[in-house]
Each structure stands twice: as C-alpha cells, then as structure tokens.
Amino acid sequence: MTKKSKGILCIICAAFSFALMNLFIKLAGDIPTLQKSLFRNLVALLISFILIKKEHISFKSGNGNWSLILARSVFGTIALIFNFYAIDHLNISDASMLNKLSPFFAILFSYFILKEKAKLYQLACVFTALAGTLFILKPGGEELISIPALIGMLSGMGAGLAYTFLRKATGRGVPGKLIVFTFSLFSCIFAFPYCILHFTPMTVKQLLSLLMTGVSASCGQFAITAAYTYAPASELSVYDYTQVIFASILGFLFLGEIPDVLSIIGYVTIIAASIVMFLMRTRHITED
C-alpha cells in the first residue's frame with residue numbers, strides 16, 4: 001500500500017470517528033450543550049496530557065506564540081459548542097455538512113490573517129459552497145431562516161478561523177500536541193463553571209454516550225494526525241467529506257433520520273465545490 005493510500009484510509013477512518021462522535025452526542029439526549037462539550041474535551045485533555053508528557057513537550061515550545069494558540073482555542077471552543085448545538089437540533093448529516101464548510105471559510109480568513117491571496121477558482125468554489133448552504137439553511141416560509149442551521153454554519157466559520165490560527169502557529173514551530181492540549185484545557189475551563197451551576201444528572205446510558213463522544217473524537221484526531229504524516233492535506237482533504245455519508249447512514253440506522261431533498265441538493269453542491277477545488281489545486285501543484 002502506498003503512503004497516499006494509507007493517508008486516504010486514515011482520513012476516512014477519521015471521518016467515520018467524527019461521524020460516530022456526532023451520533024453519540026445525539027444519543028446523549030437532553031443534556032446542556034456545554035455539559036456535553038465538557039465531557040468530550042475531558043477525554044481529549046487526558047490523552048493529550050499523556051502525549052505531551054511522554055514526548056517531553058514543554059510549554060516553552062509555545063515560542064512566544066501564545067496569542068495564536070489562545071485564538072485557536074477560543075474560536076475552536078466556539079465552533080465546538082455551536083456544532084454540538086446544531087447536532088442536537090438538526091439531522092446529524094446536516095450538522096456535519098455545515099461544519100465541513102470550515103475549509104472554505106479558512107480560505108477567506110487566510111487572506112486577512114496569513115496574507116495568502118485566494119485564486120479565482122478558490123473564490124468561485126467558496127461562493128458555490130455558500131450557495132449550497134442555502135439549501136440546508138432553508139430561508140423562507142414561516143421562519144426567515146433555520147436558527148440551528150445558521151448556528152451550524154457559524155460552527156464551520158469558527159472552525160475555519162481556528163484552523164487558520166492553527167496553521168499560523170504550527171508554521172512557527174509550535175507542536176501540534178501542545179495546541180490540542182491547550183485547546184482542550186481552555187474548552188474545559190470555559191464549560192466548567194456552567195456545568196457546576198447547572199449540572200444535569202445523567203443516566204448510565206447518557207454518561208456512556210458522552211464518554212464515547214470523547215473516545216470517538218480522540219480516535220478521529222489520532223487518525224487525522226496519522227493521515228497527514230503519509231500525505232499532504234492538499235491530497236487528502238476531499239476525502240474528509242465522507243463524514244457526511246457516514247453521518248447520513250448512522251443517522252438513518254440509529255435515529256431514523258432521513259435528509260430532505262433540499263438538504264441533499266446542498267450536500268451535493270458543497271461536496272462538488274470541494275472536489276473541483278481539490279482537482280484544481282492538484283493541477284496547479286502538478287504544473288508548478
């Protein structure tokens with residue numbers, strides 16, 4: 001098996017893990033979103049702490065880039081909370097698709113933060129993806145817009161901004177595991193006061209669902225890390241959209257969820273924009 005094939009297999013495993021995470025969030029039932037995020041990040045915090053200790057990664061590795069690390073943590077936490085809220089109020093396939101807008105938003109934010117000029121085809125794909133989003137947002141009717149869907153889109157925007165700060169920090173030599181630890185720690189600190197004041201008792205099933213949320217998310221992070229050691233993001237990113245397929249299957253099998261026609265049109269439009277951007281980027285890399 002080639003390195004690229006191993007990378008594709010790992011990114012598909014990551015997509016399945018994150019789809020499972022969304023399913024377990026939904027199965028946890030009527031628990032406050034912040035309480036769900038706390039349990040998800042406690043598991044990630046423990047695993048990342050073990051890893052940075054094992055690899056002797058010091059906080060000095062921040063190299064004076066703590067403002068970038070903090071920005072990644074803040075916007076990553078906002079994106080996570082918004083995504084969990086969307087999962088609770090939408091089909092998990094809809095929530096997954098809206099969160100996967102992050103690469104398109106990252107292109108826009110990279111212009112302002114990383115000073116990277118977007119190519120014409122990238123901008124065309126961004127606006128095509130945003131147009132596809134309208135089919136999931138479903139403006140019109142009694143409500144001008146679906147609020148949970150709008151929050152789901154904002155989760156993708158927050159994730160795109162967080163990934164942009166992540167790229168800038170890692171580009172300056174900050175270890176990825178330190179950034180994961182800091183993000184997990186910040187998210188836990190952010191959610192902890194609310195959970196203390198408004199803790200909702202959980203059944204054994206709900207507790208297990210939340211613990212599996214953390215395990216699934218951690219498996220996804222490990223799989224993504226492994227994928228990008230085999231091949232660059234430019235060759236793998238398009239396969240990440242298999243998460244939407246997995247989420248649709250899991251949602252149907254365990255929750256009886258079936259996306260409506262408008263949502264499916266939105267999925268196809270956004271994924272098509274991603275595939276076109278992937279192919280154009282590959283072509284430009286080959287020509288260079």
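Predicted model, so just to flag it, every value in this text is computed and none were measured.

S.K.: So, the overall build of the protein: which residues are in play, and what are the values?
M.R.: A count of helical and extended segments in the protein gives twelve helices and zero strands. Counted from the first residue to the last, the protein has its helices and strands arranged as α-α-α-α-α-α-α-α-α-α-α-α. The C-alpha radius of gyration of the protein comes to 19 Å, within 12% of the 19 Å expected for a compact globule of 288 residues. Judged by the C-alpha coordinates and their principal axes, the protein covers about 55 × 55 × 40 Å. For the protein, the proportion of its 288 residues judged to be buried stands at 49%. A sequence separation of at least 24 residues applies to 89% of the contacts in the protein between residues at least 6 apart. Of the side chains in the protein, 22 bear a positive and 13 a negative charge, and the two mean positions are spaced by 13 Å.

S.K.: Account for the nonpolar core, naming residues and giving values.
M.R.: General note: in soluble globular proteins, nonpolar side chains tend to be found buried as a group. Membership of the largest hydrophobic core comes to 57 residues, with the highest contact counts inside it found for M97, L98, L101, F104 and I270. In terms of residue count, the dominant contributor to this core is helix α3 (residues 66–89) (eight residues). Residues I8, C10, A231 and L236 belong to the second largest nonpolar core, which totals six residues.

S.K.: Please give an account of the side chain of S155 that cites residues and values.
M.R.: One can find S155 in helix α7 (residues 147–171). Not counting chain neighbours up to four residues away, the residues in contact with S155 comprise A79, F82, N83 and N99.

S.K.: Break down the side chain of S274 for me, with residues and values.
M.R.: Turning to its location among the elements, S274 is positioned in helix α12 (residues 261–287). Assessed through its relative accessible area of 7%, S274 is described here as buried. Non-local contacts of S274, meaning those with residues more than four positions away in its chain, are made with F104, V238 and Y241.

S.K.: Could you give me a rundown of the packing of helix α1 (residues 3–27) against helix α11 (residues 242–255), with the residues and numbers involved?
M.R.: Look at α1 against α11: their axes get within 8 Å of each other, and the N-to-C directions meet at 35 degrees. For the pair α1 and α11, the sense of crossing is right-handed. Residue-level contacts link I12, A15, F16, F18, A19, L20, N22, L23, K26 and L27 of α1 to T242, Q243, F246, A247, L250, F254 and L255 of α11. Looking at the contact of α1 with α11 residue by residue, the classes come out as 13 nonpolar, three polar and one charged.

S.K.: Which residues make up the environment of V268, and what values go with them?
M.R.: You can see V268 is positioned in helix α12. V268 sits in the exposed class, given a relative accessible area of 53%. With 60 residues separating them in the primary sequence, V268 and L208 have C-alpha atoms 34 Å apart.

S.K.: Run through the packing of aromatic side chains, naming residues and quoting values.
M.R.: Taken as a whole, this structure holds eight aromatic pairs when the rule is applied. With a centroid separation of 6.4 Å and 75 degrees between ring planes, the pair formed by Y239 and F278 is classed as edge-to-face. Placement of the pair is Y239 in the loop between α10 (233–236) and α11 and F278 in helix α12, with a sequence separation of 39 residues. Taken together through their ring pairs, the aromatic side chains of F49, F59, W66 and F181 make up a single cluster. Sitting over the face of the ring of F183, R72 holds its NZ or CZ atom 4.4 Å from the ring centroid.

S.K.: Explain a nonpolar patch on the surface to me, and be specific about the residues and the numbers.
M.R.: Side chains of I245, I249, F252, L253, F254 and I258 sit close together on the surface and give an oily, nonpolar patch of about 660 Å² of accessible area. Relative to the helices and strands, I249 is located in helix α11.

S.K.: So what's going on with unusual backbone geometry? Residues and values would help.
M.R.: One non-glycine residue, H56, adopts positive backbone phi at about 55 degrees. Counting through the fold element by element, H56 comes out in the loop between α2 (33–54) and α3. Judged by relative accessible area, which is 72%, H56 ranks as exposed. At K115, a residue that is not glycine, the phi angle is positive and equals roughly 60 degrees. Secondary-structure assignment places K115 in the loop between α5 (102–113) and α6 (120–137). K115 gets classed as exposed once you look at its relative accessible area, which sits at 66%.

S.K.: Got a sec to walk through the environment of I87? Specific residues and values, please.
M.R.: Relative to the helices and strands, I87 is located in helix α3. I87 sits in the buried class, given a relative accessible area of 0%. Taking C-alpha positions, I87 is 36 Å from S58, a pair spaced 29 residues apart along the chain. Setting aside chain neighbours within four positions, we find I87 in contact with N22, I25, K26, I92 and A95.

Definitions and limits used
Residues numbered from 1 in each chain as written. Predicted model: local features only at pLDDT ≥ 70, side-chain atom pairs only at ≥ 80, totals over all residues. Heavy atoms only, no water. Helix = DSSP H or I, 4+ residues; strand = E, 2+ residues; numbered from the N terminus. Rg over C-alpha atoms; globule rule 2.2 N^0.38 Å. Buried < 20%, exposed > 50% of the residue type's maximum accessible area, 1.4 Å probe, protein only. Contact = heavy atoms within 4.5 Å. Lys, Arg positive; Asp, Glu negative; His and termini not counted. Charge placed at Lys NZ, Arg CZ, Asp CG, Glu CD. Core = buried A, V, L, I, M, F, W, Y, C linked by side-chain atoms within 4.5 Å. Axes fitted to C-alpha atoms, helices over the stretch in contact; angles between N-to-C directions. Left-handed = near helix turned anticlockwise from the far one by under 90°. Nonpolar A, V, L, I, M, F, W, Y, C, P; charged D, E, K, R; others polar. Phe/Tyr/Trp six-rings, centres within 6.5 Å; stacked < 30°, edge-to-face > 60°. Lys NZ or Arg CZ within 6 Å of the ring centre and 35° of its normal. Patch = residues over 30% accessible without salt bridge, like charges linked within 9 Å, V, L, I, M, F, W, Y side chains within 5 Å. Areas by Shrake-Rupley, 256 points an atom, 1.4 Å probe, with all protein chains shown as cover. Salt bridge = Lys/Arg side-chain N within 4 Å of Asp/Glu carboxyl O.

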